[in-house]
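Given next are the chains, with one letter for each unit.
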Amino acid sequence: MSPLRCFLRTPEAVAGAILLAALIAMALSAALLFPGDPQAIAGPALLPPFQDWSLPLGTDRLGRDVLAELFHGARTSLAVGLAAAAAALAIGSVVGTLAGFAGGLVDEVLMRITDAFQTVPGFLLALAFVSVVGPSLGIVVIAIALGTWPGPARVARAEVLSIRERDYVAGARVIGMHPLAIAFREVLPNALPPVLAMSSVIVAAAILTEAALSFLGLGDPNRVTWGGMIAEGRAVLRTAPFLSIVPGIALVLTVLGVYLAGEGIVETTAVRRGLS
Amino acid sequence: MTALASIRDLTVTYRRDGNEVAALKTINLDIVAGERLAIIGESGSGKSTLALAIAGLMPRSSRIEGRVDWLLPSSPSSGAKAPLGGRDIGFVFQDPSASLDPVMTVGKQIAEVAYTHLGLTWPQAYAKAKSLLERVRLPDPDSALQAFPHQLSGGQKQRIAIAAAIAAGPKLLIADEATSALDTILQAEIVALIRRLVAEDGMTLLFISHDIALAAELAERIAVFRHGELLELGMTAQIVGAPTQAYTRTLLDAHIGLDAAPLLNRAGLDA
Amino acid sequence: MSLLTVSNLTKSYRCGSKTIAAVDDVSFHIDPGETLALAGPSGSGKSTIARLVLRLIEPDAGRIEFEGNDFLALSGAALRARRTRLQMVFQDPLAAFNPRATVARVLDDPLRIHGIAARAERPRRIAALLERVGLTADVAPRAIHEISGGQRQRVAIARAIATKPSLIVLDEAVSALDVSVRGQILELLLDLQRQERIAYVFISHDLGVVRAIAHRVVLLEGGQIAESGDARTVIDAPQSAIGKALVAAAPRLNRIRP
Ligand SMILES: Nc1ncnc2c1ncn2[C@@H]1O[C@H](COP(=O)(O)OP(=O)(O)OP(=O)(O)O)[C@@H](O)[C@H]1O
Ligand SMILES: Nc1ncnc2c1ncn2[C@@H]1O[C@H](COP(=O)(O)OP(=O)(O)OP(=O)(O)O)[C@@H](O)[C@H]1O
Ligand SMILES: [Mg+2]
Ligand SMILES: [Mg+2]
């Protein structure tokens, strides 16, 4: 059976794939459908949804188009979520591989650093980092990755510790391969599957963290973000609840979609590995 | 000479990645009650498949044609009653750690077989387990009952696996490469143990191996398999002394015994 | 002068509170082009000696002299360079290769690492190596798990001879193979030895095979040498208790054969 058909067998995975596809479509089409500045004024303030079909989801306190903001917000969420998760996975696998493969003092030092990062709550770390360095998209990505990499690092290290003892690693040493080449060419690729299996959870968490940072006013001020939209709507929560609810729903569906699709992929690879 | 099981036109096909692999092709074979029958052949010749098909343990991805008829003395109707794995057939595999539960004490694992199939109470089942450990000559059976598999050596684990396989007093004991992972000293001990247990209980033995010398030491009859076909079946002395098939002769010649002509001379390195 | 001289090699492992002497004061030597067998029951320390000789683990005490140099004194790049002369073949050829590798990559590695052949020339060298071990060049693009066990062990041997070593350690290299395939691999090893004067440390618990291909044998028990000498002399009339037990336990066809 082809991997795709295998993947689409479970209804959860299908739902996840649809949600994720919708999100990606939104992010990609944002600039096409809403070419102007989403933060520009588009109509009367606080227009409720489904009143004016040129502004289907209405406007916010400043008269900005909520639908345009939603589409552009999808871009930020997706970009930050993927970039932060990629950074966390990359840092985590490199640190975990080095620690597990080198052993001894290197392992000890790297794992104490990992411990230190893991004991501080990731969100607090991101909050502190952004408040000190200042909010911009790149900084937010780094801030989120900073709190997330210890998880993948631990998983990678555990996997490397078991792979390190295999004959093929001894074989690579026997032919005179450099230890770093063994660690990153021979061991790391085989240690990756369980690390990558964490990516759905990490992407989902990164999207939520980014939203929370924006909600607290620590997001990139030049970009529309869902967290920022919810914060905006908070002031008029009683009179215009839709301003918070719409981006809130988008956030929930996105996280759900990422998570379900991720689980589906893990399931598929596990089944395929079980078959072979 | 009564047959314990008679295999008629047995054909087994595995489905894998869309294509079919014929693992056994129209096998006809009678297993005589009380005999020691060895199945030999190269890797992939279908030996394990035959064992699994006899025990009714084929995976779902396989298709089975033909019949395996049983004449179990225990069954009142003495007809084609399907045997029960564990009670009527005991199985010993190559890798004992794979067939033992790593988180259950050895005593419990053996007692469980006796409890399930013999209707004993737990204390009786444990007593039975202890006597089985004595029968397989495990040193210090009392502490072995409490041990977990990882605390035992390979040879000890294989003894435990044998004890569990014979706990319910099966009619047929199937040993699939049961000694291949052990060194020659342990291998000889396990083979002697199997021979003794089979003789004492009047069990029938199906011994699967790719080592023709080992099979010849243990079995009364030998069946030679190749590419899923039964090439040759006969008494051990006949198979070893006067094989009719060229392939059997190759197998015999490939055996490097302690009396084999050294390969080294041909290489001319001694000088 | 001998190729490899091992003196008073000792290695112990801590297992909980107990210390196991896996290798206990073992000394032996090998001449160029010679086959020395290490035989003994399971757990007697054969693989540990192999790993010590290859510097995959470090000894607690003892000396290893290889090609006239103190092998234990080497480290880093010097050790990696010297490894070209000393190779190993493992028991399970499937476990001995990266599960993602292809045959070509497995053979490309040693050629590339030691700069033995330029990139453009490597495919030709790989084909030649494959041919040398009795395979054809068309297995090169295949994944390691797509070839048979016997073919895999041939690839392992091809990889071992790629760097033109003077000594190959074979740890149970034929034990997992079918009898018929085993014979072919043994023939291949002898053929290579004859043509390139490679010495072998041949580890096995099968005395029949040891007797057939080794010049000398060292019988081990509990990490110590129980007996050593000319392979045929030792196996035909063992003096030590473990030697007698191993010989007695070997299955024999001639007891039945007329
Ligand atoms: N579950 C399975 N699915 C698909 N094919 C299988 C399966 N089990 C075995 N086969 C195939 O059936 C054939 C016979 O396999 P079998 O395991 O019976 O051989 P064997 O004689 O026991 O070999 P070995 O000595 O290696 O254990 C082989 O070609 C094998 O690849
Ligand atoms: N990494 C390790 N940690 C602890 N003990 C070990 C380790 N490696 C080997 N040993 C012990 O050292 C002894 C020798 O083991 P070794 O693997 O050298 O035996 P062997 O002769 O190769 O046996 P086999 O024929 O089973 O391969 C054994 O008692 C083993 O349990
Ligand atoms: Mg089998
Ligand atoms: Mg070993």
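The structure this text deals with has already been given above.
Residues numbered from 1 in each chain as written. Chains lettered and ligands numbered in written order. Predicted model: local features only at pLDDT ≥ 70, side-chain atom pairs only at ≥ 80, totals over all residues. Heavy atoms only, no water.

Chemist: Would you mind going over the overall build of chain B with me for this structure?
Modeler: Per the secondary structure count, chain B includes 11 helices and nine strands. Taking 271 residues into account, the globule formula puts the C-alpha radius of gyration at 18 Å, and chain B, at 20 Å, falls close to it. Counting only C-alpha atoms, chain B reaches 65 × 55 × 45 Å along its principal axes. Taking all 271 residues of chain B together, 52% fall into the buried category. Pairs at least 24 residues apart make up 65% of the contacts formed inside chain B by residues separated by at least 6 positions. When the accessible area of chain B is evaluated, it comes to approximately 11700 Å², of which 53% is carbon and sulfur surface. (Helix = DSSP H or I, 4+ residues; strand = E, 2+ residues; numbered from the N terminus. Rg over C-alpha atoms; globule rule 2.2 N^0.38 Å. Buried < 20%, exposed > 50% of the residue type's maximum accessible area, 1.4 Å probe, protein only. Contact = heavy atoms within 4.5 Å. Areas by Shrake-Rupley, 256 points an atom, 1.4 Å probe, with all protein chains shown as cover.)

Chemist: Looking at this structure, how should I read the overall build of chain A?
Modeler: Scanning chain A for helices and strands turns up 12 helices and zero strands. From first element to last, N terminus to C terminus, chain A shows the α and β order α-α-α-α-α-α-α-α-α-α-α-α. Projected onto the principal axes, the alpha-carbon positions of chain A cover approximately 75 × 50 × 30 Å. A total of 276 residues make up chain A; the buried ones form 46% of that total.

Chemist: I tried to follow the site of ligand 1 on my own but got confused; where do I start?
Modeler: Residue and element names in this part refer to chain B. Every residue close to ligand 1 is listed here: Tyr-14, Arg-16, Ala-23, Glu-42, Ser-43, Gly-44, Ser-45, Gly-46, Lys-47, Ser-48, Thr-49 and Glu-177. At 2.5 Å from an oxygen atom of ligand 1 is found a side-chain nitrogen or oxygen belonging to Ser-43. The protein chains hide 68% of the 640 Å² of surface that ligand 1 would expose on its own. When contributions to the shell around ligand 1 are tallied by element, the ones reaching two or more residues are β1 (3-16) and α1 (47-54). Residue contributions to the shell around ligand 1 peak at three residues, all from α1. (Near = heavy atom within 4 Å. Polar contact = N/O pair within 3.5 Å; in protein donor to acceptor, adjacent residues only side chain to side chain.)

Chemist: Explain the interface of chain C and chain B here, please?
Modeler: Frequently, the measure chosen for interface size is the accessible area removed from exposure when the parts meet. Each partner contributes residues to the interface: chain C has 39 residues there, and chain B has 38 residues. Roughly 3300 Å² is buried in total at the junction of chain C and chain B, and carbon and sulfur atoms are behind 63% of that figure. Joining chain C to chain B, the criterion identifies zero salt bridges. Of all the secondary-structure elements, those providing two or more residues to the side of chain C that touches chain B are α6 (179-196), α7 (207-213), α8 (231-236) and α9 (241-249) of chain C. At eight residues, α6 of chain C tops the list of elements feeding residues into the side of chain C that touches chain B. Looking at the side of chain C that touches chain B residue by residue, the class counts come to 20 nonpolar, eight polar and 11 charged. (Buried area = accessible area lost by both parts, 1.4 Å probe. Salt bridge = Lys/Arg side-chain N within 4 Å of Asp/Glu carboxyl O. Nonpolar A, V, L, I, M, F, W, Y, C, P; charged D, E, K, R; others polar.)

Chemist: What is the right way to look at the environment of Leu-132 of chain B in this model?
Modeler: Residues and elements named next belong to chain B. Take Leu-132: it is sitting in helix α4 (residues 122-135). When the C-alpha positions of Leu-132 and Glu-200 are compared, they lie 13 Å apart, and in sequence the two are 68 residues distant. With near-sequence residues (within four places) excluded, Leu-132 lies in contact with Ile-110, Ala-163, Ile-166 and Ala-167.

Chemist: Help me understand the pairing of strand β2 (residues 18-30) of chain C, please; the structure alone is not making it clear to me.
Modeler: Where a strand is regular, its side chains alternate between the two sheet faces. Residues and elements named next belong to chain C. Alignment of strand β1 (residues 4-15) against β2, held across nine bridges, turns out to be antiparallel. Residue pairing in the sheet places Leu-9 in a bridge with Val-26 of β2. The hairpin turn running from β1 into β2, its antiparallel successor, is two residues long, and Gly-16 in that turn takes a positive phi close to 70 degrees. (Pairing = 2+ DSSP bridges.)

Chemist: Explain the site of ligand 2 here, please?
Modeler: Residues and elements named next belong to chain C. Taken together, Tyr-13, Ala-22, Pro-41, Ser-42, Gly-43, Ser-44, Gly-45, Lys-46, Ser-47, Thr-48 and Glu-172 form the complete shell of residues around ligand 2. Between ligand 2 and Gly-45, the relevant distance is 3.0 Å, taken from an oxygen atom to a main-chain nitrogen or oxygen of the residue. When ligand 2 is considered free in solution it has 640 Å² of accessible area, and contact with the protein chains removes 61% of it. Residue contributions to the shell around ligand 2 peak at three residues, all from helix α1 (residues 46-53). Its residues assigned to classes, the shell around ligand 2 shows three nonpolar, six polar and two charged.

Chemist: Looking at this structure, how should I read helix α6 (residues 137-148) of chain A?
Modeler: An α-helical segment advances 3.6 residues per turn. Residues three or four places apart therefore align on the same side. Between the first and last C-alpha of α6 of chain A there are 17 Å, a value that for 12 residues agrees with the 16 Å anticipated at 1.5 Å per step. Those residues of α6 of chain A that are buried lie in contact with α3 (66-102), α5 (122-133) and α10 (199-215) of chain A. (Expected span 1.5 Å × (residues − 1).)

Chemist: Looking at this structure, how should I read the side chain of Asn-190 of chain A?
Modeler: Relative to the helices and strands, Asn-190 of chain A resides in helix α9 (residues 179-196). The exposure class of Asn-190 of chain A is buried, given its relative accessible area of 13%. The residues touching Asn-190 of chain A, leaving out its near neighbours within four places in the chain, are Glu-159, Ile-163 and Tyr-168 of chain A together with Asn-98, Pro-99 and Arg-100 of chain C.

Chemist: Which parts of the structure should I look at to understand the packing of aromatic side chains?
Modeler: The description of two aromatic rings rests on the distance between their centres and on the angle between their planes. For the coordinates displayed, the defined rule picks out six aromatic pairs over all chains. Centre to centre, the rings of Trp-122 of chain B and Tyr-126 of chain B are 6.1 Å apart; their planes meet at 45 degrees, and the pair counts as tilted. With Trp-122 of chain B and Tyr-126 of chain B both in helix α4 and four residues apart, this pair spans about one turn of that helix. Exposure remark for Trp-122 of chain B: the relative accessible area of 29% places this residue in the partly exposed category. Geometrically, the ring pair formed by Phe-66 of chain C and Phe-71 of chain C is edge-to-face, given 5.7 Å between the ring centres and 70 degrees between the ring planes. Phe-66 of chain C sits in the buried class, given a relative accessible area of 0%. (Phe/Tyr/Trp six-rings, centres within 6.5 Å; stacked < 30°, edge-to-face > 60°.)

Chemist: Explanation requested: the interface of chain C and chain A in the structure shown.
Modeler: Residue-level contacts link 23 residues of chain C with 17 residues of chain A. Summing both sides of the interface, chain C and chain A together bury roughly 1800 Å²; the carbon and sulfur share of this comes to 51%. Sorting the residues of chain C by area buried against chain A places Leu-56, Arg-80 and Arg-100 of chain C first, and these three jointly supply 26% of that buried surface. Linking chain C to chain A there are three salt bridges. Between Asp-167 of chain A and Arg-51 of chain C there is a salt bridge, and its shortest N-O distance comes to 3.4 Å. Along the contact surface separating chain C from chain A lie 12 residue pairs in polar contact (both at pLDDT 80 or more). Breaking the side of chain C that touches chain A down by element, the ones donating at least two residues are β6 (86-89) and α3 (103-113) of chain C. In terms of residue count, the dominant contributor to the side of chain C that touches chain A is α3 of chain C (five residues). Residues that form the side of chain C that touches chain A fall into these classes: 11 nonpolar, three polar and nine charged.

Chemist: Got a minute to help me understand the sheet that holds strand β4 (residues 62-70) of chain B in this structure?
Modeler: Hydrogen bonds along the backbone pair up the strands of a sheet, which may run parallel or antiparallel. Residue and element names in this part refer to chain B. Pairing within the open sheet is antiparallel, and its three strands lie in the order β2-β1-β4. Edge positions in the sheet fall to β2 (19-32) and β4, since each of these pairs with one other strand and no more. The mean angle between the axes of side-by-side strands here comes to 5 degrees, regardless of whether they run parallel or antiparallel. Direction of pairing for β1 relative to β4: antiparallel, over a ladder of eight bridges. Considered in β4, the bridge of Tyr-14 is made with Ser-62. Along the sheet, α1 makes contact with β1, β2 and β4, crossing β1 at roughly 120 degrees. (Axes fitted to C-alpha atoms, helices over the stretch in contact; angles between N-to-C directions.)

Chemist: What is the right way to look at the sheet that holds β6 of chain C in this model?
Modeler: Residue and element names in this part refer to chain C. What the six strands build is an open sheet, ordered β6-β7-β8-β3-β9-β10; its pairing is mixed. Across the chains shown, the open sheet's two edge strands, defined by having one partner strand only, are β6 and β10 (224-230). Ignoring strand direction, the axes of neighbouring strands in this sheet form an average angle of 15 degrees. The sheet contact formed by strand β3 (residues 35-39) and strand β8 (residues 199-203) spans four bridges and is parallel. Looking at β8, one finds that Thr-35 is bridged to Tyr-200. Packed on one face of the sheet, helix α5 (residues 149-161) meets β6 and β7 (167-171) and runs near 175 degrees to β6. Helix-sheet contacts for α9 involve β9 (216-221) and β10, and the interaxial angle to β9 is about 105 degrees.

Chemist: Where do I start with a nonpolar patch on the surface in this structure?
Modeler: All names here are of chain A. Taken together, the side chains of Ile-245, Ile-249, Leu-253 and Leu-256 present a nonpolar region at the surface, about 340 Å² in accessible area. Topologically, Ile-245 is positioned in helix α12 (residues 242-275). By relative accessible area, which is 48% here, Ile-245 ends up partly exposed. (Patch = residues over 30% accessible without salt bridge, like charges linked within 9 Å, V, L, I, M, F, W, Y side chains within 5 Å.)

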